[in-house]
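Residues per chain, in single letters:
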Amino acid sequence: MKQLLDTMCDVVERHAHVPRYPTVVPGLTLYQMSTSVHPIHALYNPRVCIILRGGKTVSLGEEPFYADPSTFLLVTADLPVASRVFSADDGRSHLALTMDLDRALLAEVLQCLPTRQAPVSPLAGVIAAPLERALLEPFARLLSLLDHPDEIDFLRPLIVQEIHYRLARSGLGDVLAQFAFAGSHLWQISKATSWIKANYKEPMSIEDLADLAGMSVTSFHRHFKAITLMSPFQYRTQVRLQEARRILLSERLTAGIAGVMVGYDSQSQFSRDYKRMFGAPPGSDTARLMGAV
């Protein structure tokens, strides 16, 4: 696979002139960056992450998931994560790509495959799995469309369909079925995470979230923690703090105002939570980040 990876690296280096580069191919994003000194906090949507050179650790809650050119990451829920990238052993830059998962397309693909028994218990929303050539090849073809933009409209849907098929045949069919089909535990919890993302500033009731998901409170707690590796309140806190950091950096407001804007009633609690997540109080953290630009 080395030759195939080298070819894909060449395409990424030619097209990705910024650390994160959303391409003209819908759903495809390229990454080229040096080693990250500090973790990158972001809200991931369901996606596949392929590492072409170097490595990457995605931490969900307290659990790290590592990927390199032999392993890919599958994200099946909207999740606040902290990621750290690593350059190659020879010092060259980290190269990667992500492709958004298509729930409706995946459901169509899975219905064409033999049915399998669903997993007994829910799995984490991030999974690291071996990367086989059968999956890497359609990703290489998808990437090559950047050099042939006139072919994107016709070929992209065919290639993306094959990628979803290869994912389903890679031993992750049961997990993907939970993502694709209504009524699964992952589908139920996704309704709750979507609500939290849209209403993170508002008061939150576990009973109301469990009702939204169509689950008992006990079952909701168990499955939410299994999928996100955090409690609903921890999930909301991470979403709030990521948004507060964005506000502080982009709008240059005070920490007090940013805390109120994301739903905090207590400035001291906001500062404590912020320091716990980002390693420094709001003022020091934003000064460091702006100074590094």
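See the structure printed just above.
The rules behind each value
- Residues numbered from 1 in each chain as written.
- Predicted model: local features only at pLDDT ≥ 70, side-chain atom pairs only at ≥ 80, totals over all residues.
- Heavy atoms only, no water.
- Phe/Tyr/Trp six-rings, centres within 6.5 Å; stacked < 30°, edge-to-face > 60°.
- Helix = DSSP H or I, 4+ residues; strand = E, 2+ residues; numbered from the N terminus.
- Buried < 20%, exposed > 50% of the residue type's maximum accessible area, 1.4 Å probe, protein only.
- Expected span 1.5 Å × (residues − 1).
- Arc of directions from axis to C-beta.
- Contact = heavy atoms within 4.5 Å.
- Pairing = 2+ DSSP bridges.
- Axes fitted to C-alpha atoms, helices over the stretch in contact; angles between N-to-C directions.
- Salt bridge = Lys/Arg side-chain N within 4 Å of Asp/Glu carboxyl O.

Trainee: Hey, could you go over the packing of aromatic side chains for me, with residue numbers and the actual values?
Mentor: Enumeration over the complete set of coordinates arrives at 6 aromatic pairs. With 6.4 Å between their ring centres and 55° between their planes, Y66 and F86 make a pair best called tilted. Of the two residues, Y66 is situated in strand β6 (residues 63-67) and F86 in strand β8 (residues 79-86); the sequence distance between them amounts to 20 residues. Residue classification places Y66 among the partly exposed positions, given a relative accessible area of 43%.

Trainee: I'd love a proper account of helix α7 (residues 217-228), names of residues and values included.
Mentor: Taking 1.5 Å per residue as the helical rise, α7 with its 12 residues ought to reach 16 Å, and the 16 Å between its terminal C-alpha atoms agrees with that figure. Of the positions making up α7, those classed as buried are S219, F220, H223, F224, I227 and T228. Along the axis of α7, the buried positions cluster into a sector of 125°, meaning they face one direction only. Within α7, the exposed residues directed more than 90 degrees away from the buried face are T218 and R222. In this fold, the buried residues of α7 make contact with β5 (55-60), β8, α5 (185-198), α6 (206-213) and α8 (232-251). Once α7 finishes, L229 follows within two positions and takes phi at roughly 60°, a positive value.

Trainee: Now, about the sheet that holds β6: what can you tell me, with residues and values included?
Mentor: As summarised here, the arrangement of the 4 strands in space is β3-β8-β5-β6, forming an open sheet in which the pairing is antiparallel. Lying at the two open borders of the sheet, with one neighbouring strand each, are β3 (40-44) and β6. Averaged over all neighbouring strand pairs, the angle between strand axes comes to 30°, with direction disregarded. Two strands pair when backbone bridges link them, and β5 and β6 are joined in this way by 5 bridges, in the antiparallel orientation. The partner of V58 across the bridge, within β6, is F65.

Trainee: Give a description of the sheet that holds strand β10 (residues 126-130) that names residues and reports values.
Mentor: Taken together, 6 strands build an open sheet; the order of strands is β1-β2-β9-β4-β7-β10 and the sheet is antiparallel. Two strands in the sheet have a free side with no partner beyond their single neighbour: β1 (20-22) and β10. Put simply, the sheet's adjacent strands are angled 20° from each other on average, direction ignored. Direction of pairing for strand β4 (residues 47-53) relative to strand β7 (residues 71-75): antiparallel, over a ladder of 4 bridges. Paired with I50 across the strands is F72, a residue of β7. Sitting on the sheet, helix α1 (residues 2-15) touches β1, β2 (28-33), β4 and β9 (94-100), and the angle it makes with β4 is about 100°. Packed on one face of the sheet, helix α3 (residues 133-144) meets β2, β4, β7 and β9 and runs near 90° to β9.

Trainee: Can you break down the pairing of β9 residue by residue, with the values?
Mentor: Among the 7 residues that make up β9, 6 are buried, leaving the element largely enclosed by the rest of the structure. As paired elements, β2 and β9 share 6 bridges and run antiparallel to each other. Across the sheet, the residue bridging to M33 is H94, located in β9. Note: β4 against β9, 6 bridges, orientation antiparallel. Counterpart to R47 in the pairing with β9 is D100.

Trainee: Account for the pattern of salt bridges, naming residues and giving values.
Mentor: Throughout the structure, instances matching the rule amount to 14 salt bridges. Its salt-bridge partner being D78, residue K197 comes within 3.3 Å of it at the nearest N-O pair. On the criterion of sequence distance, the pair formed by K197 in helix α5 and D78 in the loop between β7 and β8 is long-range, its members being 119 residues apart. Residue classification places K197 among the partly exposed positions, given a relative accessible area of 29%. A salt bridge links E137 to R133; the nearest nitrogen and oxygen atoms lie 2.8 Å apart. Within this pair, E137 and its partner R133 are both found in helix α3, separated by 4 residues, close to a single helical turn. Taking the relative accessible area as the measure of exposure, R133 reaches 39% and is therefore partly exposed. Through salt bridges with shared partners, one network takes in D10, R14 and D147.

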